[in-house]
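Structural characterization, general
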Amino acid sequence: MKNVLASGLVLLALLLPEKYVAAQANEGVHETSSDYQAPKDPLVIKKLEHWQDQKFGLFMHWGTYTQWGEVESWSICPDDWVVRKGPYSADFFGYKKAYEDLQHTFNPVNFNPEKWVKAAKAAGMRYVVFTTKHHDGFCMFDTKQTDYKITSPNTPFSKNPRANVTKEIFDAFRKDSFMIGAYFSKPDWHSQYFWWSYYPPKDRHVNYDIKKYPERWKKFNEFTYNQIEELMTGYGGVDILWLDGGWVRPGGRQSIDMPGIAKMARSHQPGLIIVDRTVPGEFENYTTPEQSIPDKPLPYPWETCMSMGDSWSYTPADRMKPSKVLLSNLVKIVSRGGNYLLNIGPSDKGDWSPEAYERLKDIGNWMNINGEGIHASQPVAPYSENNIYFTKSKDGQHLYAWYIAENDKVLLPSEISFRVIEARKISKVALMGRPEKLKWHFENGVLTIKVPANLQKQSGLQYIAGFKIDTTI
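Residues numbered from 1 in each chain as written. Predicted model: local features only at pLDDT ≥ 70, side-chain atom pairs only at ≥ 80, totals over all residues. Heavy atoms only, no water.

Points about the overall build of the protein chain
The criterion, for reference: Segments assigned H or I by DSSP are reported as helices when at least four residues long, segments assigned E as strands when at least two residues long, and all are numbered from the N terminus. Here the globule rule is a power law, 2.2 Å times the number of residues to the power 0.38, and the radius of gyration is based on C-alpha atoms. Per-residue accessibility, obtained with a 1.4 Å probe over protein chains only, is compared with the maximum for each type, and a residue is labelled buried under 20%, exposed over 50%, and partly exposed between these values. Two residues form a contact once any of their heavy atoms are found within 4.5 Å. Accessible surface is estimated by sampling points in the Shrake-Rupley manner with a 1.4 Å probe; for residues, cover comes only from the protein chains shown. His is not counted, nor are the chain ends; Lys and Arg add positive charge and Asp and Glu add negative charge. Each charge is placed at NZ for Lys, CZ for Arg, CG for Asp and CD for Glu.
Looking only at helices and strands, one finds 11 helices and 15 strands in the protein chain. The globule rule puts the C-alpha radius of gyration for 473 residues at 23 Å, and the 24 Å found for the protein chain is close to it. Looking at the protein chain as a whole, 59% of its 473 residues qualify as buried. Sequence-distant contacts in the protein chain: of pairs separated by 6 or more residues, those separated by 24 or more amount to 74%. Accessible area of the protein chain: about 19600 Å², with a carbon and sulfur share of 51%. Computing the positive centroid from 57 side-chain charges and the negative centroid from 54, the protein chain places the two 3 Å apart.

Here it is in structure tokens:
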């Protein structure tokens with residue numbers, strides 16, 4: 001009966017496209033905290049500085065919902081912006097049950113994390129953040145706190161020797177020197193200690209009065225603490241604990257013991273970066289503007305998390321952003337001092353779409369030429385000027401000017417001029433990826449580059465041209 005229900009829901013298109021728009025408009029863009037509190041732990045400070053040098057990371061949203069080509073978690077939430085279509089549109093509990101029954105058919109037999117590592121590394125990515133548990137509560141790791149997990153006998157993939165996918169992913173990426181990040185949702189809509197079946201849920205929040213039932217809420221706190229401790233003790237070295245669901249916060253309708261969780265987590269993982277996102281204070285070690293790029297540098301560590309397609313999770317009809325857009329985003333983010341966490345959602349079979357691999361290959365080809373001006377770089381004034389963006393090496397001896405072309409093929413003008421503020425003298429200017437010597441002059445803080453005729457017509461470069469400028473500060 002479960003398979004019949006699932007098939008019927010697929011065929012009848014559970015959620016129409018406007019629902020995805022609503023998800024992006026409401027859940028998709030979180031407010032960015034403005035009251036940043038710098039960490040004091042020397043080990044955290046050191047790791048945070050190392051993380052900032054990585055610049056480019058991989059995000060992955062993955063769960064049972066991919067069997068429906070469904071957006072992650074939110075279709076079971078009764079927030080008033082959610083539009084639910086199909087045979088269960090008027091039956092929230094029937095829909096939620098059918099959604100949770102997807103556990104019984106989840107079998108991503110094509111799971112091969114080494115394939116992802118190879119593609120991500122070739123693209124210049126240097127850290128990974130994986131969704132160990134999203135808001136729906138389905139655990140992609142071998143927790144002992146619930147059977148709603150990928151390693152449960154109720155899940156077909158549990159019979160696979162690589163069923164504990166979180167461990168397999170972390171181990172595979174760690175072997176290639178990636179920093180490891182564990183995404184974990186603080187709210188859990190499957191837990192009876194968060195959404196108690198005695199009351200119907202009305203929105204994303206806990207559905208009972210925690211002051212009236214403190215013992216029940218205490219059990220949820222213990223449940224959360226225990227799950228995070230499992231991730232901090234059974235999955236090797238973890239660099240980032242990326243906590244989502246900022247509506248679970250001190251002073252709100254519900255809260256968890258973040259000081260206790262942080263102390264425990266760092267006792268197992270010294271120097272752990274904690275990202276209690278959108279919750280200002282000592283446990284938001286860096287901020288996470290979502291699906292957006294700040295229009296200027298921010299005075300604290302930050303990371304834009306953004307999907308490669310329109311959706312965080314895999315959907316068959318997803319539209320992948322063009323390679324030029326992805327690379328332009330990378331350049332803009334890095335020029336403003338941020339990191340770029342680019343999301344790719346694996347399918348229900350356990351692999352990325354061919355288009356995702358194509359985009360990463362394009363990015364990798366560009367990074368092979370220009371990566372030195374991206375990794376371990378720093379922002380430099382004036383940050384951007386028209387279609388040109390700037391970074392500098394950490395020692396300040398090299399500046400990089402990124403000329404974003406109008407089209408995929410780079411066509412350069414005969415002359416390019418821009419301000420160079422942090423330099424007294426320039427000794428060399430080169431077009432990265434090309435052997436030709438360039439003529440240039442530097443006067444009154446303005447660098448003018450003469451582009452040879454052959455490079456104007458046929459540079460052989462794609463998307464963005466990088467100029468490397470050797471300077472004396």
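Thoughts on the sheet that holds strand β5 (residues 273–276)
Convention followed: For two strands to be treated as a pair, DSSP must find at least two bridges joining them. To get an axis, fit a line to the C-alpha atoms, keeping to the stretch in contact for a helix; angles then go from 0 to 180 degrees between the N-to-C directions.
What the seven strands build is an open sheet, ordered β5-β4-β3-β2-β1-β7-β6; its pairing is parallel. The open sheet is flanked by β5 and β6 (303–307), the only strands paired with a single partner. When the angles between neighbouring strand axes are averaged without regard to direction, this sheet yields 20°. Relative to strand β3 (residues 179–185), strand β2 (residues 127–133) is paired through six bridges, and the arrangement is parallel. Across the sheet, residue valine 129 finds its bridge partner in β3, namely glycine 181. Across the sheet, helix α7 (residues 214–233) touches β2, β3 and β4 (240–244), and the angle it forms with β3 is around 165°.

Some words on the sheet that holds strand β11 (residues 415–419)
The pairing of strands in a sheet comes from backbone hydrogen bonds and takes either a parallel or an antiparallel form. Read across the sheet, three strands follow the order β11-β14-β13 without closing on themselves; strand pairing throughout is antiparallel. One side of each edge strand has no neighbouring strand; the edge strands of this open sheet are β11 and β13 (439–443). Direction aside, the axes of adjacent strands within the sheet are offset by 15° on average. In the sheet, β11 pairs with strand β14 (residues 446–450) via five bridges, with the strands oriented antiparallel.

Points about the nonpolar core
Here is the rule we go by: By convention a nonpolar core is built from buried Ala, Val, Leu, Ile, Met, Phe, Trp, Tyr and Cys residues, the set being connected through side-chain atoms within 4.5 Å.
Among the nonpolar cores identified, the biggest contains 99 residues, and Phe173 and Trp352 are the most heavily contacted of them. Apart from residues lying up to four places away in sequence, tryptophan 352 is in contact with Leu58, Met60, Trp116, Ala119, Ile344, Gly345, Pro346, Tyr357 and Leu360.

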